[in-house]
Amino acid sequence: DVSSCGYTIDEARHNLNDALIGFLESARDRGVLSEILEEAGYKFQAANKWDPPEFLKLEKSSLTLQHA
């Protein structure tokens, strides 16, 4: 799991991208990147290529929460 935050949506996206890159680089350096990708549903193909899992649907939603 990778998470991050920011004061704006753009900053949060940028920070999440940095966190994800750091996570993947660390996994590669520790020799567990292949294991992590396989657990996430990626399939290894020839020529050092990973095919991503197939997503059936991606849906955005929002929740309205009331403060106590």
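The structure displayed is predicted, hence computed values, not measured ones. (Residues numbered from 1 in each chain as written. Predicted model: local features only at pLDDT ≥ 70, side-chain atom pairs only at ≥ 80, totals over all residues. Heavy atoms only, no water.)

Student: I would appreciate a short explanation of the overall build of the protein chain in the present structure.
Tutor: Scanning the protein chain from N- to C-terminus turns up two helices and two strands. Along the protein chain, helices and strands appear, N-terminal first, in the series α-α-β-β. Since a compact globule built from 68 residues should have a radius of gyration of about 11 Å, the 16 Å found for the protein chain marks it as more spread out than a globular shape. Dimensions along the principal axes, computed over C-alpha positions, put the protein chain at roughly 50 × 30 × 20 Å. Of the contacts formed within the protein chain by residues at least 6 apart in sequence, a portion of 0% connects residues at least 24 apart. As displayed, the protein chain offers around 6,600 Å² of accessible surface, 54% of which is attributable to carbon and sulfur atoms. Here the protein chain contributes 7 positive and 12 negative side-chain charges, whose respective centroids are spaced 5 Å apart. (Helix = DSSP H or I, 4+ residues; strand = E, 2+ residues; numbered from the N terminus. Rg over C-alpha atoms; globule rule 2.2 N^0.38 Å. Contact = heavy atoms within 4.5 Å. Areas by Shrake-Rupley, 256 points an atom, 1.4 Å probe, with all protein chains shown as cover. Lys, Arg positive; Asp, Glu negative; His and termini not counted. Charge placed at Lys NZ, Arg CZ, Asp CG, Glu CD.)

Student: I tried to follow helix α1 (residues 9-30) on my own but got confused; where do I start?
Tutor: Along an α-helix, residues three or four positions apart point the same way, because every turn accommodates 3.6 residues. Here α1 spans 31 Å end to end across 22 residues, near enough to the 32 Å set by a 1.5 Å rise per residue. Looking at the residues trailing α1, positive phi occurs at G31, about 80°. (Expected span 1.5 Å × (residues − 1).)

Student: Sorry, what's going on with the environment of V2 here?
Tutor: Tracing the sequence through the fold places V2 in the segment before α1. For V2, a relative accessible area of 31% corresponds to the partly exposed category. Considering only alpha carbons, one finds V2 and G22, 20 residues apart in sequence, at a separation of 9.6 Å. Those residues in contact with V2 that sit more than four places away from it in its chain are L16, A19, L20 and F23. (Buried < 20%, exposed > 50% of the residue type's maximum accessible area, 1.4 Å probe, protein only.)

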